[in-house]
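So the chains spell out like this:
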Amino acid sequence: APSSVIIRGMSLPSWQHGTYHTRHYAESLLSLADMGFTAVAISPNHAIASAADCRFVTSAYNESFDDVALAVEQARKAGLDVLLEPRLTVFDCSRSTDTIDPSDTETFFAGYGQLIRRYAVLATRYDASVLAIGCELSRLTGPEHRQTWLRLIDAVRQTFKGSLVYAAASDEALRVSFWDALDYIGVQTCASLRPTEPSSVETILAHWLQSLPSAAAVGGHGQTVHATTHTTPWPRLAAQYRKPILLTGAGV
C-alpha cells in the first residue's frame with residue numbers, strides 16, 4: 001500500500017443477529033457510495049462466556065457467517081472496499097472488549113484462531129481488501145503473546161492474500177508486540193462526551209486529541225516510545241515499524 005492514501009470509510013457494526021440481512025443495511029451501503037465513501041468496515045460480533053472464561057458462546061449479539069458473507073458481497077457490489085473486522089464481546093455486552101483476560105490463554109487462542117481462520121476464508125471468497133485479525137484485545141497483545149499471534153498471522157496468510165491489520169485502542173497501539181508482521185498499524189479512537197456537551201466537530205476533535213497517549217509508554221518488543229503533550233505518537237510509530245497507520249475506527 002502507498003505510505004499515504006486517503007480512505008473515506010465508515011464503520012457499519014452489527015450489534016445483534018440479522019443486522020446484515022436487513023433492508024436498512026443495504027440502503028446504508030447505497031447511501032455511503034452516493035456520499036463519496038470508498039470503503040466500509042464490516043464488524044460482526046462474537047461472544048465469550050465472561051471476561052475470564054474462554055468458551056465461545058451463542059448470543060443474541062452474534063452475527064451469522066452467512067449474513068457476514070452477504071454483507072461483504074453487497075458492499076463489494078456497491079463499489080466499496082471492505083475491511084472485515086470481527087470483534088469479541090463478553091456474552092451480554094456488559095463488559096468492554098479490553099477487559100477480556102482469559103484464565104486459559106492456550107484454549108482461548110485455539111478457539112480464537114479457528115474463528116479468524118474461518119474469516120480468512122470468507123474474506124478471500126468475497127473479495128475483502130483488509131482483514132483485521134483482532135480488535136482491542138489489549139490484555140492479550142503484549143510480548144508474552146507475540147509468538148502466538150505470529151503463528152496465527154502465518155496461518156491466515158496461507159489463505160488470505162489481502163492486507164492484514166490489528167485494530168488497537170489508541171493507548172494499546174504503543175504496546176502491541178507484532179506490528180512488524182502486519183501490513184497496517186490499526187488504531188481506533190473514541191471521544192467521550194458528557195450529556196451536556198455540544199456534539200460539534202470541534203468538541204469531538206478536542207476529545208479525540210485528549211484521548212491519545214501523550215506520556216512515555218511502552219511500545220512493541222518492550223521499547224519505550226515517547227510522545228509529547230502536543231503531538232500524537234502515530235507518525236513515530238509508523239516510522240519505527242515502517243508501516244502505514246490505518247484509522248480503523250473513530251467514534252463518539
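Caption draft 1: Examining the overall build of the protein chain more closely. Within the protein chain one finds six helices and 12 strands. In the protein chain, which comprises 252 residues, the proportion classed as buried is 46%. Excluding contacts between residues fewer than 6 apart, the proportion of contacts in the protein chain whose partners are at least 24 apart in sequence is 71%. Taken as a whole, the protein chain presents about 12,600 Å² of accessible surface, with 52% of it coming from carbon and sulfur.

Caption draft 2: View of the packing of helix α2 (residues 65-77) against helix α3 (residues 105-125). Viewed as axis vectors pointing N to C, α2 and α3 meet at an angle of 40°, and their least axial separation amounts to 11 Å. By the criterion of interaxial angle, the relationship of α2 to α3 is oblique. The interaxial crossing formed by α2 with α3 has right-handed handedness. Along its contact with α2, which presents F65, V68, A69 and V72, the element α3 presents L115, R118, Y119 and L122.

Caption draft 3: Here's a closer look at the nonpolar core. I42, L84, Y166 and W179 are the most contacted members of the largest nonpolar core, which has 57 residues in total. Here this core takes nine residues from α3, the largest share from any one element. One finds A41, V130, V165 and L246 within the second-largest nonpolar core, a separate group that totals seven residues.

Caption draft 4: The side chain of N62, seen in detail. One can find N62 in the loop between β4 (56-57) and α2. Take N62: its relative accessible area is 12%, and that puts it in the buried class. A polar atom in the side chain of N62 sits 3.3 Å from the backbone oxygen of V57. Residue contacts for N62: discarding those within four places in its chain leaves Q16, H17, N45, H46, A47 and V57.

Caption draft 5: Examining the environment of E197 more closely. Note on placement: E197 falls in the loop between β9 (184-190) and α5 (201-211). Dropping the residues within four chain positions of it, E197 is found in contact with S192, T203 and H207. Here the side chain of E197 touches R194 through a polar contact of 2.8 Å, landing on its backbone nitrogen. Looking at E197, its side chain comes within polar contact range of the side chain of H207, at 2.9 Å.

Caption draft 6: Examining the pattern of salt bridges more closely. The full count for this structure, using the stated rule, is nine salt bridges. Between D53 and R55 there is a salt bridge whose closest N-O contact spans 2.8 Å. When its relative accessible area of 22% is taken as the criterion, D53 is described as partly exposed. For the salt bridge of R87 with E85, the shortest nitrogen-to-oxygen distance reads 3.4 Å. The same class applies to R87 as to E85, namely buried. One salt-bridge network, in which partners are shared between bridges, spans R76, D81 and D127.

Caption draft 7: Quick peek at the side chain of S14. When you line up the elements, S14 lands in the loop between β1 (9-13) and α1 (23-34). A residue is classified by how much of its surface remains accessible, and S14, at 0% relative accessible area, is buried. Polar side-chain contacts of S14 include one of 2.9 Å to the side chain of E63. The contact partners of S14, leaving out residues within four places of it in the chain, are T19, Y20, S43, P44, N45, Y61 and E63.

Caption draft 8: How the structure looks around the environment of P143. Within the secondary structure, P143 is located in the loop between β7 (130-135) and α4 (146-157). Distance from P143 to R175, taken between C-alpha atoms, is 8.3 Å for residues 32 residues apart in sequence.

Caption draft 9: Geometry of unusual backbone geometry. Even without a glycine there, the phi angle at E136 is positive, about 55°. Tracing the chain through its elements places E136 in the loop between β7 and α4. The phi angle at R242 is positive, at roughly 55°, despite the residue not being glycine. By secondary structure assignment, the location of R242 is in the loop between α6 (234-241) and β12 (245-251). According to the relative accessible area criterion, R242 is exposed, its value standing at 78%.

Caption draft 10: Quick look at the sheet that holds β7. Pairing is parallel in the open sheet, where seven strands are placed in the order β1-β2-β5-β7-β8-β9-β12. The sheet is open, and its two edges are formed by β1 and β12, each paired on a single side. Put simply, the sheet's adjacent strands are angled 25° from each other on average, direction ignored. Both β1 and strand β2 (residues 39-43) contribute to a ladder of five bridges, which runs parallel.

Cut-offs and rules
- Residues numbered from 1 in each chain as written.
- Predicted model: local features only at pLDDT ≥ 70, side-chain atom pairs only at ≥ 80, totals over all residues.
- Heavy atoms only, no water.
- Helix = DSSP H or I, 4+ residues; strand = E, 2+ residues; numbered from the N terminus.
- Buried < 20%, exposed > 50% of the residue type's maximum accessible area, 1.4 Å probe, protein only.
- Contact = heavy atoms within 4.5 Å.
- Areas by Shrake-Rupley, 256 points an atom, 1.4 Å probe, with all protein chains shown as cover.
- Axes fitted to C-alpha atoms, helices over the stretch in contact; angles between N-to-C directions.
- Parallel < 35°, antiparallel > 145°, perpendicular 65-115°, else oblique.
- Left-handed = near helix turned anticlockwise from the far one by under 90°.
- Core = buried A, V, L, I, M, F, W, Y, C linked by side-chain atoms within 4.5 Å.
- Polar contact = N/O pair within 3.5 Å; in protein donor to acceptor, adjacent residues only side chain to side chain.
- Salt bridge = Lys/Arg side-chain N within 4 Å of Asp/Glu carboxyl O.
- Pairing = 2+ DSSP bridges.

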